[in-house]
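Working through the structure, step by step
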Amino acid sequence: ITMPSEDPEDDRGNGYFEEDTRNGVELYRELKRLLPTAIIEHYHKHGVWDRELMLLDMELVEVHRREAGAPEPPPVVDLPELAKLEAKTPPRPWDPTPKKQQQQQQQEQE
């Protein structure tokens, strides 16, 4: 029996989370390739990607696939959920000014 720290293929000590520079869409595309049942709403909430969760799930699935001797998963070309996400307009920045105060400021500017 080998301990996880003795495993030469162990990714935990090599900065797996910090060094990955892929954006959220690229990470989700790779996750979907490894795990076709992945649901976008679990990883993209309120306009923000949960990179750490995606990286963790990808690592978990990759290790399980490697241990099971699974063949390489097929490439994912088009993901309809990403097309819908990219078509949405980005959220406006939050303005803490109350609406009544905004109206007064607009009237003063006119």
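So, how was this worked out
- Residues numbered from 1 in each chain as written.
- Predicted model: local features only at pLDDT ≥ 70, side-chain atom pairs only at ≥ 80, totals over all residues.
- Heavy atoms only, no water.
- Core = buried A, V, L, I, M, F, W, Y, C linked by side-chain atoms within 4.5 Å.
- Buried < 20%, exposed > 50% of the residue type's maximum accessible area, 1.4 Å probe, protein only.
- Helix = DSSP H or I, 4+ residues; strand = E, 2+ residues; numbered from the N terminus.
- Salt bridge = Lys/Arg side-chain N within 4 Å of Asp/Glu carboxyl O.
- Phe/Tyr/Trp six-rings, centres within 6.5 Å; stacked < 30°, edge-to-face > 60°.

Among the nonpolar cores identified, the biggest contains 15 residues, and Tyr 28, Leu 31, Tyr 43, Trp 49, Met 54, Met 58 and Leu 82 are the most heavily contacted of them. Of the residues forming this core, the biggest block, five residues, is contributed by helix H2 (residues 24-34).

All told, the structure shown has three salt bridges when counted by the stated rule. Residue Asp 20 pairs with Arg 22 through a salt bridge whose shortest N-O separation is 2.6 Å. Judged by relative accessible area, Arg 22 falls into the partly exposed class, the value being 29%. Taking the shortest distance from any N to any O, the salt bridge between Glu 30 and Arg 33 comes out at 3.0 Å.

Right, let's talk about the packing of aromatic side chains for a bit. The final tally for this structure, using the stated rule, is two aromatic pairs. Judged by centre distance (6.3 Å) and plane angle (50 degrees), the ring pair of Tyr 28 and Tyr 43 falls under tilted. On the criterion of sequence distance, the pair formed by Tyr 28 in helix H2 and Tyr 43 in helix H3 (residues 40-43) is long-range, its members being 15 residues apart. Counting every residue linked through ring pairs, the aromatic cluster contains Tyr 28, Tyr 43 and Trp 49.

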